[in-house]
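Notes for the structure review
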Amino acid sequence: MAVHQKRAAVFVAEAENNADTESSDSELEFDEEDEIRLSEPSENAIYNRDGLLDKLEDISWPENVDWIHKLSLDVNQEQEVDANDDLARELVFYTQALEGTKEAFLKFQSVGCPFLTPAGYSGAMVKNDTHLEKVKDQLLAEKNRVEEAEERRKARENEKIAKEVEAQKLREKAKQEKEEKRSARQLQKERQESGLSGSEEDGDIGSADEDKSTFESDPSVGKAKDPTGKGKKEADKMRKNRDYRNSKHGLGRKKGMKKQSKTETTNDTIGGFKKSSFSKNKRRKA
Amino acid sequence: MKKIGKKRKHAETIPEPKKELVAEERPKRTLLGWKDKPVVNENEADVPTFRNKEKVLITSSRRINYRYRHLMLNLVSLLPHCKKDSKVESKETKGATLNELVELRSCSSCLFFECRKHKDLYLWMAKSPGGPSIKFLVNAVHTMEELKLTGNHLNGSRPLLSFTTNFDKDAHWKLIKEMITQIFGTPKDHRKQKPYYDHVFVFSIIDGHIWFRNYQISCPHTGADKIDRGGLEKMTLIEVGPRFCLNPIKIFGGSFGGPTLYENPLYISPNQIRALEKKKKSGKFAKKVKAKTRRRMHEMSNPLEQDEFADMWKE
């Protein structure tokens, strides 16, 4: 870089001696931070238009050369595109290429020479097949990933919906049960109140009826609910009786006399209460 | 039809009967000193046609990055009229030796990739022997091997070159456009070229940079030489790659040297950019100290009012 700058410096002097030198300063757009940097070099930026045009003439091909040699197309690009906006920029390039190609194809057609690859033509391609395989694999993998993500999301949603539906169903059922029980109890109450005198038979019948009704209304419920003919309240009352409780749990227990050292308990687990298979009872009963 | 003697370096071809347009007989390399030679044949009967005998030499400097090396190889595969040469030593990246190399390989232009500090890539486009040369800074490089660039085209088919009209706005753009057309366009009757056109190079100027894209043309067609309206509408382009962005730095009058014809005023070398960034970072502490003193001065000059509730919670 330094060498070229030196050269440039040398030839700047030379160029400035020429009458043709012009310096450009008009085509500058400044950012605030760049302003300091650019204002100085811009003043001595060389722009030798005549020299450039001279060289252009030197190297360019003769004027009446067929377009088919050059194959160059000029496409109009009006709108200003920000270089940093990737999508817009690529779109601009794409449209430029598309327009150019269409123009070119029309020109080819008018000239009449073959320009499109025939169907069965096979020739060496710029990228070889193994590379294209990789590209294809990657594309497929990406597509699969996207699809799987979709499927998973759908499955999740379906599950949620299914759960909700089930919960709904259960709630409905519970409601129904409640309703039925309430109505059954009501019926029983009415019956009791109305038929107090001849209650046995009626009661039996009523209880039989009750029995049937309760049995019918909860076909799915098992033995958890009381299968006995007694009503719920009566059953509760009975449960709180002293006799019932005694029958179940014995006559009561001593308050704090669970653990005691007695003759019987002397040899209880000498080594500790934790029983392991490898423990040896060191002092066993002889 | 007289055949012209072998002294001339340019062999003239027998005019093809099909061609109607005829180019005036003119030696292509005007800088070899034949510009002023009086034109001999002026009758249209047997004027030989123009032949594009462009050959591009593609080389790089040593210590080039892998990415840039792949870019160079991609370009080698894209241009069938190129000759790839081995790396040149760093001492020889100036002027004279490169010119000699180009002459040795009998090429008419050169694309030289110069990589500095393993980070920055400069591209020289030069026309030999006395043509202008342009130095670019290359950014935004994507090679053909990237898996997102899925297109493919025939190896050796001639590219269509699509330029924006910006290129005709100013002298230096015109020169750049002409050089690009000559270097990137495959000669018509090259022995390695395929006669079909299935890809297009796009050069456009955005923000003072030249952006390069390469697309494969795919359109449904039946015959090899005609296409109907419907087919044209359904044409799609698939990107083949590579991609890069050129920032012109300077245009020189000679090949790899010579008088500077154009300097880009908006160009900042990457070294300067890096230096400026470092400077910004290094100034943090100084800025902090300055801010502190400023705050103190401000406080001193604008004293606060007495706070009524200051003594409220005092024991």
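Rules and cut-offs
Residues numbered from 1 in each chain as written. Chains lettered and ligands numbered in written order. Predicted model: local features only at pLDDT ≥ 70, side-chain atom pairs only at ≥ 80, totals over all residues. Heavy atoms only, no water. Core = buried A, V, L, I, M, F, W, Y, C linked by side-chain atoms within 4.5 Å. Buried < 20%, exposed > 50% of the residue type's maximum accessible area, 1.4 Å probe, protein only. Helix = DSSP H or I, 4+ residues; strand = E, 2+ residues; numbered from the N terminus. Contact = heavy atoms within 4.5 Å. Pairing = 2+ DSSP bridges. pLDDT = per-residue confidence, 0-100. Patch = residues over 30% accessible without salt bridge, like charges linked within 9 Å, V, L, I, M, F, W, Y side chains within 5 Å. Areas by Shrake-Rupley, 256 points an atom, 1.4 Å probe, with all protein chains shown as cover. Salt bridge = Lys/Arg side-chain N within 4 Å of Asp/Glu carboxyl O. Lys, Arg positive; Asp, Glu negative; His and termini not counted. Charge placed at Lys NZ, Arg CZ, Asp CG, Glu CD. Expected span 1.5 Å × (residues − 1). Buried area = accessible area lost by both parts, 1.4 Å probe. Polar contact = N/O pair within 3.5 Å; in protein donor to acceptor, adjacent residues only side chain to side chain. Nonpolar A, V, L, I, M, F, W, Y, C, P; charged D, E, K, R; others polar. Axes fitted to C-alpha atoms, helices over the stretch in contact; angles between N-to-C directions. Parallel < 35°, antiparallel > 145°, perpendicular 65-115°, else oblique.

Structural notes on the nonpolar core
Counting 45 residues, the largest nonpolar core has Ile58(B), Leu111(B), Phe113(B), Met125(B), Ile176(B), Phe184(B) and Phe203(B) as the members making the most contacts within it. Residue contributions to this core peak at eight residues, all from helix 3 (residues 171-184) of chain B. When neighbours within four sequence positions are excluded, Phe113(B) is seen to be in contact with Ile58(B), Thr59(B), Ser60(B), Ser61(B), Ile64(B), Leu71(B), Met72(B), Leu75(B), Leu121(B), Tyr122(B) and Leu123(B). One finds Val81(A), Ala83(A), Ala104(A) and Cys219(B) within the second-largest nonpolar core, a separate group that totals 27 residues.

Quick look at the pairing of strand 3 (residues 109-116) of chain B
Residues and elements named next belong to chain B. For strand 3, a buried count of seven out of eight residues is recorded, marking the element as mostly surrounded by other parts of the structure. With five bridges joining them, strand 1 (residues 56-60) and strand 3 adopt parallel strand pairing. Bridging from a neighbouring strand, Leu57 pairs with Cys110 of strand 3. As judged from the eight bridges shared by strand 3 and strand 4 (residues 120-127), these two strands associate in the antiparallel manner. Directly across from Cys115, in strand 4, lies its bridge partner Leu121. Between strand 3 and the antiparallel strand that follows it, strand 4, lie three residues; Lys117 among them carries a positive phi value of about 60°.

Quick notes on the confidence of the model for chain B
All names here are of chain B. Overall, the predicted model of chain B reaches an average pLDDT of 81, with 82% of residues at or above 70. Low pLDDT, under 50, characterises residues 8-20; the stretch is placed with 24 contacts to residues that sit more than four places away or in other chains. Within the model, pLDDT remains below 50 along residues 32-47, and this stretch shows 17 contacts once partners closer than five positions in the same chain are excluded. Here the complex is predicted with pTM 0.62, and the ipTM for its interfaces comes to 0.74.

Section: the confidence of the model for chain A
Residue and element names in this part refer to chain A. Scored by pLDDT, chain A has a mean of 73; 67% of the residues are at 70 or more. Mean pLDDT per element in chain A: strand 1 (residues 22-23) is the minimum at 38, and helix 6 (residues 129-194) is the maximum at 94. Per-residue pLDDT stays below 50 along residues 1-39; that stretch engages in 51 contacts with residues further than four places along the chain or on separate chains. Considering only residues more than four positions removed or in separate chains, one finds that residues 201-211, a stretch of pLDDT under 50, has 11 contacts.

Considering a negative patch on the surface
A surface patch of negative charge is lined by Asp50(A), Asp54(A), Glu57(A) and Glu63(A). The topology assignment puts Glu57(A) in helix 3 (residues 49-59).

As for helix 5 (residues 86-111) of chain A
The periodicity of an α-helix, 3.6 residues per turn, causes residues three or four places apart in sequence to face the same way. Helix length check: helix 5 of chain A (26 residues) gives 37 Å between terminal C-alpha atoms against 38 Å at 1.5 Å per residue, within 8%. Within two residues after helix 5 of chain A, Gly112(A) carries a phi angle of roughly 95°, on the positive side.

Topic: unusual backbone geometry
Among all residues except glycine, the phi angle is most often negative; among peptide bonds, the trans geometry is most common. Residues and elements named next belong to chain B. For the bond from Gly241 to Pro242, the omega torsion is -10°, close enough to zero to count as cis. Topologically, Pro242 is positioned in the loop between strand 9 (236-239) and strand 10 (243-254). Backbone geometry places Lys117, a non-glycine residue, at a positive phi of 60°. Tracing the chain through its elements places Lys117 in the loop between strand 3 and strand 4. For Phe256, which is not a glycine, the phi torsion comes out positive at approximately 60°. Looking at the secondary structure, you find Phe256 in the loop between strand 10 and strand 11 (257-263).

Overview of the interface of chain A and chain B
Each partner contributes residues to the interface: chain A has 81 residues there, and chain B has 102 residues. Across the chain A to chain B interface the summed buried area is about 8700 Å²; carbon plus sulfur atoms make up 62%. Inspection of the region where chain A meets chain B yields four salt bridges. Between Lys177(B) and Asp74(A) there is a salt bridge, and its shortest N-O distance comes to 2.8 Å. Where chain A touches chain B, the interface holds 26 residue pairs in polar contact (both at pLDDT 80 or more). Among the elements of the structure, helix 1 (2-17), helix 2 (35-43), strand 2 (46-47), helix 3, helix 4 (67-70), strand 3 (72-75), helix 5 and helix 6 of chain A are those that each provide at least two residues to the side of chain A that touches chain B. The dominant element in the side of chain A that touches chain B, judged by the number of residues it contributes, is helix 5 of chain A, at 14 residues. Taken together, the residues that form the side of chain A that touches chain B break down as 42 nonpolar, 21 polar and 18 charged.

What about the packing of helix 5 (residues 270-282) of chain B against helix 6 (residues 284-301) of chain B?
Residues and elements named next belong to chain B. It is at 5 Å that the axes of helix 5 and helix 6 come closest, and there the two elements cross at 40°. Considered as vectors, helix 5 and helix 6 are oriented oblique to each other. Contact residues: helix 5 offers Lys280, Lys281 and Ser282, while helix 6 offers Lys284, Phe285 and Lys287. Within the contact of helix 5 with helix 6, the residues separate by chemical class into one nonpolar, one polar and four charged.

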